[in-house]
Amino acid sequence: MQITNAQLNRDYSGRVSATMSMLIAPEESEAVIARTKGFGRVENFQTQTERIAQGGTGMAENAKTKRDKVELNITISREEQEQALQQTNLRIRTSSVDEKAKQLRALAEKQGGHVRSSTFSRDPDGREIADVSLRVPMKNYPVLMQSLNSLGKVENVSVQRQDRTGTQGDEANAPADISIQVYSQGNIVSHESGLFATLRRTLAQSAGGIMWSLQMIGVAIAFLAPWVIAIMAIVWITKRVIRARR
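Rules used throughout
Residues numbered from 1 in each chain as written. Predicted model: local features only at pLDDT ≥ 70, side-chain atom pairs only at ≥ 80, totals over all residues. Heavy atoms only, no water. Pairing = 2+ DSSP bridges. Helix = DSSP H or I, 4+ residues; strand = E, 2+ residues; numbered from the N terminus. Axes fitted to C-alpha atoms, helices over the stretch in contact; angles between N-to-C directions. Contact = heavy atoms within 4.5 Å. Salt bridge = Lys/Arg side-chain N within 4 Å of Asp/Glu carboxyl O.

Strand order in the open sheet formed by five strands is β5-β6-β8-β4-β7, and the pairing between neighbours is mixed. Sheet topology places β5 (114-122) and β7 (153-161) at the edges, where each strand pairs with a single neighbour. With direction set aside, neighbouring strand axes in the sheet form an average angle of 10 degrees. Note that strand β6 (residues 128-137) and strand β8 (residues 175-183) share nine bridges and pair antiparallel. Paired with Ser 133 across the strands is Ser 179, a residue of β8. Lying on the sheet, helix α2 (residues 97-110) is in contact with β5, β6 and β8; it crosses β6 at an angle near 5 degrees.

Glancing now at the pattern of salt bridges. All told, the structure shown has five salt bridges when counted by the stated rule. In this structure, Lys 102 and Asp 98 form a salt bridge, with 4.0 Å as the shortest nitrogen-oxygen distance. A residue pair is termed a helical-turn pair when its members lie 3 or 4 positions apart in one helix, as Lys 102 and Asp 98 do in helix α2 at four residues. Residues participating in the shared-partner salt-bridge network are Arg 116, Arg 135 and Asp 177.

The following block contains the structure:
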């Protein structure tokens, strides 16, 4: 066996992969390939055979067969970097979000999977949301999906899958990703629409209306005051004139 090329690659996002090319004697190729497949899960396996005529054309009955060295090209990557064969998105409605989100880890591990990410949040209205991402082997996917019914009401299930044709791979152990949002409805009446909140807004609106009315009365008084004073002055002068004539 002769290694002709070996390279380790790392991109800007931290993804690491290794590529290797080797030449193997024909009588040893099947054993070497079998041992190589045992290093991990085979995602994609393709073979190609070429027949090249030497010293003529076509295949004669007495033609001799000569097997050249077998070229084996390998790409090795981390399991968590592998693209999922199938992606599923769904929601689960329950009254105890945090507890059910923790139970998802146990369900995934029971089916040979694991939790890739998990977040939890609670808003002022009491609404709780947990976003959990799972990865399990395809062969255990149906059993895991059935077990989710024990956590609450399963809603909005969507599935996307890209079948890999023309290749030989271990699809039974291929990864399937499941993105789950566990949520609760929260308080039926939020803190902004309850009884006290309504009374507070009503009193505030009433006070605002009263202040607006007082402002309008002040404007009216300021507008009418000069005229009232002028009319009273005219009436007073008229009375003095009448009295003087008498």
